[in-house]
Amino acid sequence: MRQFDVFVFDENFDETQGKIPQPPFTDPELGWFFTNDWNKHLNNIEGEWVVFAHPSIKIDREFLNNVAEVTDSFPMVDAFAPRVRVEPSNGSGKRKFLGGYLLKRWTKGSGFVEIDENAPMRYVAAPHPYLAIYSRRIIQRTGGFDTALPPHARLADFTLRMMHAGGKMFSVPYLVAQATTDEAERIVGINAEKMQAPTAQDLKATALVLSKAFGIEASLPFALHHPSVMAALFAKRKETKEKRKAATLLSKLTAKYIAEVTE
């Protein structure tokens, strides 16, 4: 069994034409998958831990060594939300650390809110949309990604479904991956204060993710703050209800844990 598998996802990869990147390094303990199909290779997972990353995230030996240390230190955790370090190209020279997300209380409009840059170790409800780590065992219990959602919403959706399967996602401040310079400003933009969620580029996706995980009543406060999502919610209510039933049929998610990952 390998120690890690790394899935690098990009809709621009063309596997049929062989137009995919080469791994930055190889190791017998490491498997690489460069793909535009989020589910195609899940049955080929051999690693105990699986890293899912956007091509703009630098996955190197240093990062994976840190992942190994963290996973060994917290053996009862099923998933991790690393922080992403960006160095804005505006000349300020200031680094910014982008982390995971908490659920926002329904009384505040529902949705997600990014944890503070200096937040301590804690459980979170979703990772940064470009990077997450899951154990092979929780992937097998949770199933595949919902590819009907846009790519930037899929890790959040998967993590909430994982919570129903009994998994927990942990944020460790010193588990950090570097973003490439060319992508730094774009990643900062996705997490800008004006945005409402890790699915920030698509509020409709946020509403659907909340509805799938917690029911239509959970997405209504969000919809009231963002009326443009109403049509999508009701147009997909039958499909979303079926997906919710599949995800929550044997749910292990408790109100106590929801409170732990809510701001």
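These numbers come from a predicted model, not from an experiment.

Trainee: What is the right way to look at the overall build of the protein in this model?
Mentor: Secondary structure assignment for the protein yields 9 helices and 13 strands. By residue count, 52% of the 263 residues in the protein fall in the buried class. In the protein, once contacts between residues fewer than 6 apart in sequence are set aside, the share between residues at least 24 apart is 74%. Carbon together with sulfur atoms contributes 51% to the accessible area of the protein, which is approximately 12600 Å² in total.

Trainee: Can you help me understand the pairing of strand β2 (residues 30-35) in this one?
Mentor: Burial runs high along β2: 6 of the 6 residues are buried. Burial along β2 is two-sided: Leu-30, Trp-32 and Phe-34 and Gly-31, Phe-33 and Thr-35, pointing in opposite directions, are all buried.

Trainee: Explanation requested: the packing of aromatic side chains in the structure shown.
Mentor: For any pair of aromatic rings, geometry is given as the distance between the ring centres together with the angle between the planes. In the structure shown here, the tally under the stated rule is 18 aromatic pairs. Relative to Phe-34, the ring of Trp-32 has its centre 5.8 Å away and its plane inclined at 10 degrees; by these criteria the two rings are stacked. As far as burial versus exposure is concerned, Trp-32 and Phe-34 are alike and both buried. Here Tyr-123 and Tyr-257 contribute two aromatic rings whose centre-to-centre distance is 5.6 Å and whose plane-to-plane angle is 75 degrees, an arrangement assigned as edge-to-face. On the criterion of sequence distance, the pair formed by Tyr-123 in strand β10 (residues 122-124) and Tyr-257 in helix α9 (residues 255-260) is long-range, its members being 134 residues apart.

Trainee: Even after reading the chapter, I still don't get the packing of helix α3 (residues 151-164) against helix α5 (residues 203-214), so can you show me in this structure?
Mentor: Between two packed helices, what matters for the description is the angle formed by their axes and the separation of those axes. Look at α3 against α5: their axes get within 10 Å of each other, and the N-to-C directions meet at 10 degrees. Comparing the axis directions of α3 and α5 gives the class roughly parallel. Every residue of α5 that contacts α3 at Ala-153, Asp-157, Leu-160, Arg-161 and His-164 is listed here: Ala-205, Val-209, Lys-212, Ala-213 and Phe-214. Residues of the contact of α3 with α5, tallied by class, amount to 6 nonpolar, 1 polar and 3 charged.

Trainee: Please explain the sheet that holds strand β6 (residues 83-86) as it appears in this structure.
Mentor: By definition, the strands of a sheet pair up through backbone hydrogen bonds, in either a parallel or an antiparallel sense. Spatial ordering of the open sheet is given by β4-β13-β6-β7, a layout of 4 strands whose pairing is mixed. Edge positions in the open sheet fall to β4 (57-58) and β7 (96-98), since each of these has one partner strand only. Here 3 bridges tie β6 to strand β13 (residues 176-179), and the two strands are oriented parallel to one another. If you follow Val-84 over to β13, its bridge partner there is Ala-177.

Trainee: I tried to follow the side chain of Thr-240 on my own but got confused; where do I start?
Mentor: Relative to the assigned elements, Thr-240 resides in helix α8 (residues 237-248). Contacts of Thr-240, omitting those with residues within four sequence positions, involve Leu-208, Ser-211 and Lys-212.

Trainee: Help me understand the sheet that holds strand β3 (residues 49-53) in this model?
Mentor: Reading across from one edge, β2-β1-β3-β11-β5-β12-β10 is the order of the 7 strands in this open sheet, with mixed pairing throughout. Across the chains shown, the open sheet's two edge strands, defined by having one partner strand only, are β2 and β10. In the sheet, β3 pairs with strand β11 (residues 131-135) via 5 bridges, with the strands oriented antiparallel. Along β11, the bridge assignment pairs Phe-52 with Ala-132. Taken strand by strand, α3 contacts β3, β5 (79-80), β11 and β12 (169-171), and its axis lies near 30 degrees from that of β11.

Trainee: For this particular structure, what's the right way to read the pairing of strand β1 (residues 4-9)?
Mentor: When a strand is regular, its side chains alternate between the sheet's two faces. Counting buried residues along β1, 6 of its 6 residues qualify, which places the element largely inside the surrounding structure. Every second residue of β1 is oriented toward a common face, with Phe-4, Val-6 and Val-8 on one face and Asp-5, Phe-7 and Phe-9 on the other, all of them buried. With 6 bridges connecting them, β1 and β2 associate as parallel partners. Looking across to β2, one finds that Asp-5 is bridged to Gly-31. Note: β1 against β3, 5 bridges, orientation parallel. In the strand pairing of β3, Phe-7 is matched with Phe-52.

Trainee: What is the right way to read the pattern of salt bridges from this model?
Mentor: Where charged atoms of side chains with opposite charge meet at close range, the side chains can pair. Summed over the entire model, instances satisfying the criterion amount to 11 salt bridges. Where Asp-5 meets Arg-2, a salt bridge forms, and the shortest distance between an N and an O atom there is 2.8 Å. Each member of the pair Asp-5 and Arg-2 is classed as buried. For Glu-11, the salt bridge identified is with Arg-154, shortest N-O distance 3.8 Å. A residue pair is termed long-range when its members are at least 10 positions apart, and Glu-11 in the loop between β1 and β2 and Arg-154 in helix α3 qualify at 143 residues. The partly exposed category is assigned to Glu-11, whose relative accessible area is 43%. Here the salt bridges share partners, and the residues they tie into one network are Asp-146, Asp-157, Arg-161, Lys-212, Glu-239 and Lys-243.

Rules and cut-offs
- Residues numbered from 1 in each chain as written.
- Predicted model: local features only at pLDDT ≥ 70, side-chain atom pairs only at ≥ 80, totals over all residues.
- Heavy atoms only, no water.
- Helix = DSSP H or I, 4+ residues; strand = E, 2+ residues; numbered from the N terminus.
- Buried < 20%, exposed > 50% of the residue type's maximum accessible area, 1.4 Å probe, protein only.
- Contact = heavy atoms within 4.5 Å.
- Areas by Shrake-Rupley, 256 points an atom, 1.4 Å probe, with all protein chains shown as cover.
- Phe/Tyr/Trp six-rings, centres within 6.5 Å; stacked < 30°, edge-to-face > 60°.
- Axes fitted to C-alpha atoms, helices over the stretch in contact; angles between N-to-C directions.
- Parallel < 35°, antiparallel > 145°, perpendicular 65-115°, else oblique.
- Nonpolar A, V, L, I, M, F, W, Y, C, P; charged D, E, K, R; others polar.
- Pairing = 2+ DSSP bridges.
- Salt bridge = Lys/Arg side-chain N within 4 Å of Asp/Glu carboxyl O.

Function cannot be read off these values alone, since they describe shape.
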